[in-house]
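Residues per chain are reported as follows:
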2 protein chains.
Amino acid sequence: MAMKATDAAAPDREVADGLTAAACLFHGFSDTSRLSIVRHLALGEHRVVDLTAHLGLAQSTVSQHLACLKDCGLVSSRPEGRASMWSLNHPATVMDLLAAAERLLALTGDAVTLCPTYGAGSLHGGTS
Amino acid sequence: MAMKATDAAAPDREVADGLTAAACLFHGFSDTSRLSIVRHLALGEHRVVDLTAHLGLAQSTVSQHLACLKDCGLVSSRPEGRASMWSLNHPATVMDLLAAAERLLALTGDAVTLCPTYGAGSLHGGTS
DNA sequence: CGCTTTCATCGCCATGTGCCGATGATAGGT
DNA sequence: ACCTATCATCGGCACATGGCGATGAAAGCG
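Residues numbered from 1 in each chain as written. Chains lettered and ligands numbered in written order. Predicted model: local features only at pLDDT ≥ 70, side-chain atom pairs only at ≥ 80, totals over all residues. Heavy atoms only, no water.

**Student:** Go over the nonpolar core, please, and point to the residues and values.
**Tutor:** By size, the foremost hydrophobic cluster in this structure holds 70 residues, and its most contacted members are A:F29, A:L74, A:L98, B:F29, B:L74 and B:L98. The residues touching B:F29, leaving out its near neighbours within four places in the chain, are A:A23, A:F26, B:L35, B:V38, B:L74, B:V94, B:L97 and B:L98. (Core = buried A, V, L, I, M, F, W, Y, C linked by side-chain atoms within 4.5 Å. Buried < 20%, exposed > 50% of the residue type's maximum accessible area, 1.4 Å probe, protein only. Contact = heavy atoms within 4.5 Å.)

Okay, here's the thing in structure tokens:
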């Protein structure tokens, strides 16, 4: 949440900012609740109240996680009536990332299925 | 650090454990210091004192980060004299993950170069 | 106009995190 | 045997984080 990085000045600053941006991105995935949210959003748009039901968390908690993911640039909301429809910004690329993590976890020992619908390592090429 | 997941019982438990394992993995990358460590280790084996010099952090801090990465199964140490040589466990797969993150960050707006030597998206196939 | 639903934000609390210095163990070097 | 270098671990300290309930603003519905 308290992590931002979106300028670029010195040639080394660029790398450092890249690291903080990457750290922020990975932080978005470093929580089971947020991971579940991403998985649900990968299946399509969802409202906050919908996610609260799926996750069994308080509405405020879900909103905060969504705000966190929004800070990372992973999701965005579209006002729909009095609700907010949340969706992944770059689904295919996100799934690529999850697939890569899946492969790594497979090597680490745990057999994991992160991507909801799509299998382990398919769906390459489209970035959005 | 306080996250582990290496069993598998019920069919749904499997998914939950997968999420915690994945969260743990991403947590390993969710810190600029650890990210720097991974980048340095991607270039080859390094000792702790070497990394402290590169990072400008205390030795205890670096050791703790390495322990964290070890918990995630990302790195491992090889005793070399009185020192410890640390190295990435699955360099190619890790770089794949970083490359995927790079692509995602590129879409998000930040131009980032995570992978030290290798460019953005090469080096496929070898998993160890 | 009220009532309800949905949501973002705030305050609060318990816990986790990153950082450090200090300590003790291990292993080379003299 | 002694000293030095290297490292893992411990205790402690700020601060961030994740969780919750409560509050207030939008926006449908009667």
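**Student:** Break down the relation of the copies chain A and chain B for me, with residues and values.
**Tutor:** When chain A is fitted onto chain B, the two copies agree to an RMSD of 0.1 Å after a turn of 180 degrees and an axial shift of 0.0 Å. This pairing of chains is accounted for by a two-fold axis. Within chain A, A:F26 has its C-alpha nearest the rotation axis, a separation of 2.7 Å. (Least-squares fit on C-alpha atoms with pLDDT ≥ 70 in both.)

**Student:** Run through the protein's contact with DNA strand D, naming residues and quoting values.
**Tutor:** Around DNA strand D lies a shell of 23 residues, among which A:R34, A:T61, A:H65, B:V49 and B:S63 are the nearest. A distance of 3.0 Å separates a base oxygen of DNA strand D from a polar side-chain atom of A:S60. Between DNA strand D and B:R82 there is a distance of 3.2 Å, counted from a sugar or linking oxygen to a side-chain nitrogen or oxygen. In terms of residue count, the dominant contributor to the surface near DNA strand D is helix α4 (residues 59–71) of chain A (four residues). Partitioned by chemical class, the residues of the surface near DNA strand D number eight nonpolar, ten polar and five charged. (Near = heavy atom within 4 Å. Polar contact = N/O pair within 3.5 Å; in protein donor to acceptor, adjacent residues only side chain to side chain. Helix = DSSP H or I, 4+ residues; strand = E, 2+ residues; numbered from the N terminus. Nonpolar A, V, L, I, M, F, W, Y, C, P; charged D, E, K, R; others polar.)

**Student:** Can you break down the protein's contact with DNA strand C residue by residue, with the values?
**Tutor:** For DNA strand C, the set of nearby residues contains 23 residues, the closest of which are A:V49, A:Q59, A:S63, B:R34 and B:H65. Taken together, the sugar and phosphate atoms account for 60% of what DNA strand C places within 4 Å of the protein. With respect to DNA strand C, the backbone of A:V49 contributes an N or O atom lying 2.5 Å from a phosphate oxygen. Separating a phosphate oxygen of DNA strand C from a side-chain N or O atom of B:T61 is a distance of 2.7 Å. Broken down by element, the surface near DNA strand C gets its largest block of residues, four residues, from helix α4 (residues 59–71) of chain B.

**Student:** Talk me through the packing of aromatic side chains; I want residue IDs and the actual numbers.
**Tutor:** Each aromatic ring pair is characterised by the separation of its centres together with the angle its planes make. Scanning the model with the defined rule gives three aromatic pairs over all chains in all. Taken together, the ring pairs connect A:F26, A:F29, B:F26 and B:F29 into an aromatic cluster. (Phe/Tyr/Trp six-rings, centres within 6.5 Å; stacked < 30°, edge-to-face > 60°.)

**Student:** Run through the interface of chain A and chain B, naming residues and quoting values.
**Tutor:** Contacts between the two partners involve 39 residues from chain A and, on the opposite side, 39 residues from chain B. Counting each side, the surface lost to burial between chain A and chain B is near 3,300 Å², with a carbon and sulfur contribution of 78%. When the buried area of chain A at its contact with chain B is split by residue, A:L19, A:F26 and A:L104 rank highest and sum to 20% of it. At the surface where chain A touches chain B, the tally comes to zero salt bridges. Put simply, chain A and chain B have zero residue pairs in polar contact (both at pLDDT 80 or more) between them. (Buried area = accessible area lost by both parts, 1.4 Å probe. Salt bridge = Lys/Arg side-chain N within 4 Å of Asp/Glu carboxyl O.)

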